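Summary of the model geometry
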Amino acid sequence: MTVESVSPRTPAGPGTSALREPPSAGGAVPVLGHGLHLVRDPLAFMSGLRRYGDVVRLRLGPKTVYAVTTPALTGALALSPGFSIDGPLWESLEGLLGKEGVATANGPRHRRQRRTIQPAFRLDAVPGYGPVMEQEAHALTERWRPGETVDCTSESFRVAVRIAARCLLRGEYMDERAERLSTDLATVFRGMYRRMVIPLGPLYRLPFPANREFDRALADLHLLVDEIVAERRSSGQKPDDLLTALLEAKDDNGEPIGEQEIHDQVVAILTPGSETVASTIMWLLHVLAEHPEHAEKVRTEVESVTGGRPVGFEHVRSLTHTNNVVVEAMRLRPAVWILTRRAVTDTALGGYRIPAGADIVYSPYAIQRDGRSYARPLDFDPDRWLPERAKEVPKYAMSPFSVGNRKCPSDHFSMAQLSLITAAVSAKYRFEQAGGSDDSTRVGITLRPQNLLLRANPW
Ligand code: HEM
């Protein structure tokens, strides 16, 4: 199945009757409000909010933030023109993503930028990336020695960055950069999450070690992007790829876009493109280790579809169970677990009043684990995505790439590589956790395992 092919159940949209004030969530503490819960146990906190209402008021320091807790209303929020990309998540990401890239821009600039990047991600463009995805998926398995302990963080980053860079930016020799990206993004995304839930402004500028480490990692990320742009320019080459499209883009007056916009655009592709895919690969490797029955089923499926030959891009469509394992892993372990928007004008959501300028937050993690949408919600059950069962899933209860005009452009590109990598590693190895592995969840702007170490045993 595709993650969008779920059926409507509840009509969404603002109510027409008299608007109500959303109820407040319990458990606020003086000064920090609910920020403390969002630091201590954010996943449990967000998952527990639906008991207070469909839309719930939270306090983050001095700010009131509205949490949306039902699938129907998250869909309504993402599809409504009354809400823009903004709010705590995007404000905290600004130091990384800037204001001029596609992920953070709004209005006409955003529409123009989507037009620039969209061709590289179209469904019919993805097969063109097939050979690179195949090479990288197999290179990953060939690097591992039987019985060896695999550091899943660096290996997942390596393959995600290499695929994004080779397919979209035609960059080679990315290994050292993958290491840098992985370490820098871990520091930056953890620091940004803190700044989002405890907005203490100037305190984060004090020269504490954690602040200095954050500043260093952020500066290095920007340097890395400058290196990539400078290298392409000095090569004098203009291959038909996304980087050329970004460098050659014109604004609405037909003028070349500025340097800052080019920089922000490359950041907006490279950083979400590597962190989200790498985190998902880590969770997929974890799933294969924790659910050997599904690892075995994937291996058998790959063997029967390929006839024992190396799995290729052309096989992906036929790998039903493998695809369902990927979707189910993304349901339980969504890399993008929290999203925010801002109300453009006084508006309504689900019959509740939302004032202009209000920040709205919701958690795909909470939505995708809700027992009102899924039977046995915490079970890892890939068969729930078989067509007859997937029909039961309420609309927007599984939207890991979001919907509407901000939907991830890379859904097809990402799903193809995730299925191919899962198939390639499962065909060759079964996994078990190795000594020293820590598979607890590290919460930052994204979710990934703290330090997943797996032993790769040949079948
Ligand atoms: C936006 C998820 C991979 C580039 C988004 C959004 C989500 C998402 C949920 C929407 C954010 C919102 O509604 O506020 C994911 C997941 C991925 C993935 C789960 C993989 C497992 C990628 C890759 C790239 C990418 C590989 C690029 C190579 C972007 C960009 C946006 C975006 C540029 C901003 C789109 C806009 O605002 O118009 N992604 N993403 N993503 N993603 Fe992805």
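Residues numbered from 1 in each chain as written. Predicted model: local features only at pLDDT ≥ 70, side-chain atom pairs only at ≥ 80, totals over all residues. Heavy atoms only, no water.

This part takes up the nonpolar core. Counting 138 residues, the largest nonpolar core has Leu96, Leu168 and Phe431 as the members making the most contacts within it. The greatest single-element share of this core, amounting to 16 residues, is contributed by helix 11 (residues 259-290). Split by domain, the residues of this core number at least three in each of domain 1 (1-99 + 337-382) and domain 2 (110-333 + 400-458). Leu96 has contacts with Leu185, Val188, Phe189, Met192, Leu218, Leu221, His222, Val267 and Thr271, leaving out every residue within four places of it along the chain. (Core = buried A, V, L, I, M, F, W, Y, C linked by side-chain atoms within 4.5 Å. Buried < 20%, exposed > 50% of the residue type's maximum accessible area, 1.4 Å probe, protein only. Helix = DSSP H or I, 4+ residues; strand = E, 2+ residues; numbered from the N terminus. Domains from an automatic or database assignment. Contact = heavy atoms within 4.5 Å.)

This part takes up the site of the ligand. Surveying the vicinity of the ligand reveals 27 residues, the closest of which are His110, Arg114, Arg341, Arg406 and Cys408. Here an oxygen atom of the ligand sits 2.6 Å away from a polar atom, N or O, in the side chain of His110. One nitrogen or oxygen atom from the side chain of Arg341 is found 2.7 Å from an oxygen atom belonging to the ligand. Looking at which element gives the most residues to the shell around the ligand, the answer is helix 11, with 6 residues. Taken together, the residues of the shell around the ligand sort by class into 16 nonpolar, 8 polar and 3 charged. (Near = heavy atom within 4 Å. Polar contact = N/O pair within 3.5 Å; in protein donor to acceptor, adjacent residues only side chain to side chain. Nonpolar A, V, L, I, M, F, W, Y, C, P; charged D, E, K, R; others polar.)

Glancing now at the side chain of Thr153. Counting through the fold element by element, Thr153 comes out in helix 7 (residues 152-168). Setting aside chain neighbours within four positions, we find Thr153 in contact with Ser182, Met282, Arg448, Asn451 and Leu452.

Time to look at the sheet that holds strand 2 (residues 63-68). Read from one edge of the open sheet, 5 strands run 1-2-8-5-3, paired in mixed fashion. Edge positions in the sheet fall to strand 1 (55-60) and strand 3 (83-84), since each has one partner strand and no second. Bridge count between strand 5 (residues 339-343) and strand 8 (residues 359-362): 4 bridges; the pairing is antiparallel. For Thr340, the partnering residue across the bridge sits in strand 8 and is Val361. (Pairing = 2+ DSSP bridges.)

Take the packing of aromatic side chains next. Applying the stated criterion to the full structure yields 6 aromatic pairs. Relative to Phe413, the ring of Tyr129 has its centre 5.3 Å away and its plane inclined at 90°; by these criteria the two rings are edge-to-face. Of this pair, Tyr129 sits in the loop between helix 5 (107-121) and helix 6 (130-143) while Phe413 sits in helix 16 (residues 411-428); the two residues are 284 residues apart in sequence, bridging distant segments of the chain. Here Tyr129 and Phe413 have matching classes, each one buried. One aromatic cluster in this structure is built from Phe121, Tyr129 and Phe413. Note that Arg20 overlies the ring of Tyr352, its terminal NZ or CZ placed 4.4 Å from the centroid. Across from the ring centre of Trp459, 4.8 Å away, lies the NZ or CZ of Arg299, which sits over that ring. (Phe/Tyr/Trp six-rings, centres within 6.5 Å; stacked < 30°, edge-to-face > 60°. Lys NZ or Arg CZ within 6 Å of the ring centre and 35° of its normal.)

One donor from the polypeptide reaches the iron atom of the ligand: Cys408 (SG), at 2.3 Å. Relative to the helices and strands, Cys408 is located in the loop between helix 15 (387-390) and helix 16. (Donors = N, O, S within 2.8 Å, 3.2 Å for Na, K, Ca; no water.)

The next thing to look at is the domain arrangement of the protein chain. A common way to express how large an interface is: the accessible area buried when the components associate. You can read the domains of the protein chain as domain 1 (1-99 + 337-382) and domain 2 (110-333 + 400-458). Here domain 1 and domain 2 have C-alpha centroids that lie 26 Å from each other. On the domain 2 side, the residues contacting the 37 residues of domain 1 number 45 residues. In total, domain 1 and domain 2 occlude about 3500 Å² of area from one another, counting both sides; carbon and sulfur atoms represent 69% of this. (Buried area = accessible area lost by both parts, 1.4 Å probe.)

Taking 1.5 Å of rise per residue, the 27 residues of helix 9 (residues 209-235) would be expected to cover 39 Å, and the 39 Å separating its terminal C-alpha atoms lies within 8% of that figure. Directly after helix 9, the chain includes Gly236, whose backbone phi takes a positive value near 70°. (Expected span 1.5 Å × (residues − 1).)

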